[in-house]
Amino acid sequence: MQDERDVLLGLYRQMVLIRRFEEAAAKAYSQGKIGGFLHLYIGQEGCAVGALAALEKRDYVVTTYRDHAQALIRGTSARACMAELFGKVTGCSKGLGGSMHFFDADNHMLGGYGIVGGHVPIAAGAAFASKYRGDGAVAVCFFGEGSATIGAFSEALGLAALWKLPIVFICENNEYSMGTPLERSLAVADVSQKAVSVGMERDRFRCTDVLEVRDRVAVAVKRAREKNEPTLIEALTYRYRGHSMSDPGKYRTQDEIDERKKLDPILHAEGALRAKGVSDDELAKVNASVEAEVEDCVKFADESAEPDESLIEAFNYA
Amino acid sequence: MTQMNMVKAINDALRVAMRQDSRVVVLGEDVGKVGGVFRVTEGLINEFGAERVFDTPLSEGGIIGTAVGMALYGLIPVPEIQFADFIFPAFDQIVSEVAKFRYRSGGEYTSKMVIRTPVGGGIRGGHYHSQSPEAYFIHTPGLKVVCPSNPYDAKGLLLASLRDPDPVLFFEPKRIYRAARADVPEGEDYTVPLSVAKVVRPGNQVTVIAWGAMLYEAIEASNKAAEAGIDCEVIDLRTIWPVDIDTIVNSVKKTGRVVVVHEAPKSCGFGAELVSLINEKAFDYLEAPPTRVTGWDTPFPYTLEMDYLPLAGRILPAIQSVAKY
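Within every chain, residues take consecutive numbers counted from 1 along the sequence as written. Throughout, the order in which chains and ligands are written sets their labels, letters from A for the former and numbers from 1 for the latter. Where totals are concerned, whole chains, interfaces and linings use all residues; where local detail is concerned, this predicted model gives features only for residues with pLDDT of at least 70, and gives and counts side-chain atom pairs only at 80 or more. Water and hydrogen atoms play no part in the side-chain values, which are based on all heavy atoms of the structure.

Digging into the domain arrangement of chain B
Residues and elements named next belong to chain B.
Piece 1. A domain assignment, automatic or from a database, supplies the domain bounds used here. In terms of domains, chain B is made up of domain 1 (2–184) and domain 2 (198–323).
Piece 2. Just the C-alpha atoms count here: the centres of domain 1 and domain 2 sit 26 Å apart.
Piece 3. We call two residues in contact when some of their heavy atoms are within 4.5 Å. The interface is formed by 26 residues belonging to domain 1 together with 27 residues belonging to domain 2.
Piece 4. The term buried area denotes the loss of accessible surface (1.4 Å probe radius) that occurs when two parts are joined, taken as the sum for both partners. Among the residues of domain 1 in contact with domain 2, Arg124, Ile138 and Arg175 are the three that bury the most area, contributing 28% of the side total.
Piece 5. Any carboxyl oxygen of Asp or Glu that lies within 4 Å of a side-chain nitrogen of Lys or Arg is treated as forming a salt bridge with it. Connecting domain 1 to domain 2 are two salt bridges.
Piece 6. Glu217 is the partner of Arg175 in a salt bridge, and the nearest nitrogen-oxygen pair spans 3.3 Å.
Piece 7. Strands here are runs of E lasting at least two residues and helices are runs of H or I lasting at least four, both read from the DSSP assignment and numbered beginning at the N terminus. Broken down by secondary-structure element, the contributors of at least two residues to the side of domain 1 that touches domain 2 are helix 6 (134–138), strand 6 (144–146) and helix 7 (151–163).
Piece 8. Among the residues making up the side of domain 1 that touches domain 2, the classes are represented as 12 nonpolar, nine polar and five charged. Gly is put with the polar residues, along with every residue not named as nonpolar or charged; the nonpolar set is Ala, Val, Leu, Ile, Met, Phe, Trp, Tyr, Cys and Pro, and the charged set is Asp, Glu, Lys and Arg.

Below is the structure:
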């Protein structure tokens, strides 16, 4: 059994990796090396890192277009992720998907999806297949609170409850669906209550303490794995950046952003690690190794080739 | 006259319509305070208030579904679907309800609305932010489908769409949202009639048909063809459906040779229908098989989008090929 101090240090490294990776991506975007859309997870790291720490390798992950973090944690290399953003053939989708459409079969990452809410039934389908085959795998589906107003979400929730599927729905409630605050989208602010109408278990917590996130999600994963019962979790979080790189986020006040930053999961983990006797040197070493990894992946993406035109049709049919 | 881009011209059309007719309401994701993802509805909320310009949740089926109810009760809703690629969650509402109300109520009711949505590639949006789904809706009786190529037409066609008794899908080519500029009379009311195509470059040897952002590629290819001694006539459809077949047939009777250009995949794209119509109505005048230059029969790629799009470099050889056939 790994020491809790080392576990937390590992989760801390994952969160720092996501943040540094995305800062590098934002820089590359501003240099024109990444085109189209780029949605950053910065600020939300505690959610994905904590939740995925509760999973096993055999479990399946489905997420939104804000998908870099989930892929990195599931084991897609920083090189393959950055190369995908750069549209290079060495990317995890051979450069044909881009930021919003990461896939990694080996790591059971069933993808990032560009249609809000449209992916929720797909996750339920994966859970169905797991139950049908008796694999014991759990499907975990991430989505924003914006998805909670989409019909496909309601349909997936209803089916998962009806069919008793081994799935954990994780609503990453970052308070804004693009520029629209939650109170202009939802009549009831507590998204987890959506579970009540379909008789599903629910939980609701903030993602500041990554270990708490892990432990709360673990309860739901256990329920799914052992009893084939789904759970709807509302994970309260906040993104520091705009919805995407093209969104200056002017619909929020600086005061609000500063307030939310006090709940930063990385900051919290640093405090917890220090309390467990981790030295500044050790933290600096972790940060240095992350920076080296990110620097390497940017260089790799830069130097990789673009896909050849022959790839346009290559993956259309088997 | 004021120089405007497409974004401003469409915004101006909405202002003109909303000032004149209190039945016109604008709804969609982030259309209010944010002004839409491409800022087309920017500032409307300030002039007309949140009762007439309102944000919706992410709920395309709900947006169109509620718009149907509004239309039946006498409003003229102008729902925005943030990207044409996001229209599919609302597909059932559009195909099953919007398109059929007049028919199945024996003319008693119409769910008259103008569904605005940005369309097409050219901004590296990848699979779900680049598609051109016009053919699905052309295939659905009861809908009209418009796609302007320039700011002047965009404003005039939108005003005409708002006054047309039938529901209109108004596709806005996002690649030229800010690139295309033209003189547009600000705040003035004018219409560009639906179902009237425009010959934008007269010629005698090859008819090139295009719309939206690809019109500029068709013109560029035609200018290059002229250097090689091939005289092309370029037609901007402006309204895709119902199509102005007369303008096309008149041109084909003169040239006998046709190239159709569109971004959407080739198979069952609107080009197929155009070629069929030309065969039916001008077969005796044809000197060469009508040719299509289109997107590929694949999902829309991220990195290779400039290979995917039917740009001038692919249109020119097609022109040369039909010219020498």
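A closer look at the packing of helix 4 (residues 78–85) of chain A against helix 10 (residues 280–303) of chain A
All names here are of chain A.
Piece 1. Closest axis-to-axis distance for the helix 4/helix 10 pair is 8 Å, and the angle between their directions is 45°. In terms of orientation, helix 4 and helix 10 fall into the oblique class. Classified by chirality, the crossing of helix 10 by helix 4 is right-handed. Where helix 4 approaches helix 10, its residues Ala78, Arg79, Met82 and Ala83 are matched on the opposing element by Glu293, Asp296, Cys297, Val298, Phe300 and Ala301.
Piece 2. A breakdown of the residues in the contact of helix 4 with helix 10 according to their chemical character gives seven nonpolar, no polar and three charged. Note on geometry: axes are C-alpha line fits, over the in-contact stretch for helices, and angles between N-to-C directions span 0 to 180 degrees. Orientation categories follow fixed angle ranges, with anything under 35 degrees roughly parallel, anything over 145 roughly antiparallel, 65 to 115 roughly perpendicular, and all other angles oblique. Working rule for handedness: look at the near helix, and if it is turned counterclockwise from the far one by less than a right angle, call the crossing left-handed; if clockwise, right-handed.

So, the nonpolar core
Piece 1. Counting 114 residues, the largest nonpolar core has B:Ile64, B:Ile94, B:Leu237, B:Ile248, B:Val259, B:Leu274 and B:Ile319 as the members making the most contacts within it.
Piece 2. When residues of this core are assigned to domains, at least three fall in each of domain 1 (2–184) and domain 2 (198–323) of chain B. By nonpolar core is meant a set of buried Ala, Val, Leu, Ile, Met, Phe, Trp, Tyr and Cys residues that side-chain atoms within 4.5 Å join together. Buried, partly exposed and exposed residues are distinguished by accessible area as a fraction of the type maximum, computed with a 1.4 Å probe on protein chains only: under 20%, between the cut-offs, and over 50%, respectively.

Quick look at the packing of aromatic side chains
Piece 1. When the centres of two rings from Phe, Tyr and Trp lie within 6.5 Å, Trp using its six-membered ring, the rings pair. Their planes under 30 degrees apart give stacked, over 60 give edge-to-face, and anything left gives tilted. One pass over the structure, following the stated rule, counts 19 aromatic pairs over all chains.
Piece 2. Ring centres 5.5 Å apart and planes at 65° place the aromatic pair A:Phe128 and A:Trp163 in the edge-to-face group. You can see A:Phe128 sitting in helix 5 (residues 120–133) and its partner A:Trp163 sitting in the loop between helix 6 (151–162) and strand 4 (167–173), a full 35 residues away along the chain.
Piece 3. Overall, A:Trp163 belongs to the partly exposed group, its relative accessible area being 41%.
Piece 4. Ring plane angle 70° and centroid distance 5.5 Å describe the contact between B:Phe91 and B:Phe137, whose orientation is recorded as edge-to-face. Residue B:Phe91 is located in helix 4 (residues 91–98), and its partner B:Phe137 is located in helix 6; the two are separated by 46 residues in the primary sequence.
Piece 5. Accessibility expressed as a relative area gives 27% for B:Phe91, which makes it partly exposed.
Piece 6. An aromatic cluster of at least three residues, connected via ring pairs, comprises A:Phe37, B:Phe38, B:Phe83, B:Phe86 and B:Tyr177.
Piece 7. Whether a charge sits over a ring depends on NZ of Lys or CZ of Arg being within 6 Å of the ring centre and within 35 degrees of the ring normal. Above the face of the A:Tyr176 ring, A:Arg252 is positioned so that its terminal group lies 5.8 Å from the ring centre.

Re the sheet that holds strand 9 (residues 198–201) of chain B
All names here are of chain B.
Piece 1. Here a strand pair is declared whenever DSSP counts at least two bridges between the two strands. An order of 9-11-10-13-14 is seen for the five strands of this open sheet, with the pairing classed as mixed. At either end of the open sheet lies a strand with only one pairing partner, and these are strand 9 and strand 14 (291–295). Direction aside, neighbouring strands of the sheet carry axes that sit 25° apart on average.
Piece 2. Examined bridge by bridge, strand 10 (residues 206–210) and strand 11 (residues 232–236) share five bridges and lie parallel to one another. When the bridges of strand 11 are listed, Val208 appears paired with Val234.
Piece 3. Together, strand 9, strand 10, strand 11 and strand 13 (258–265) form the strand contacts of helix 8 (residues 214–227), whose direction differs from that of strand 11 by roughly 170°.

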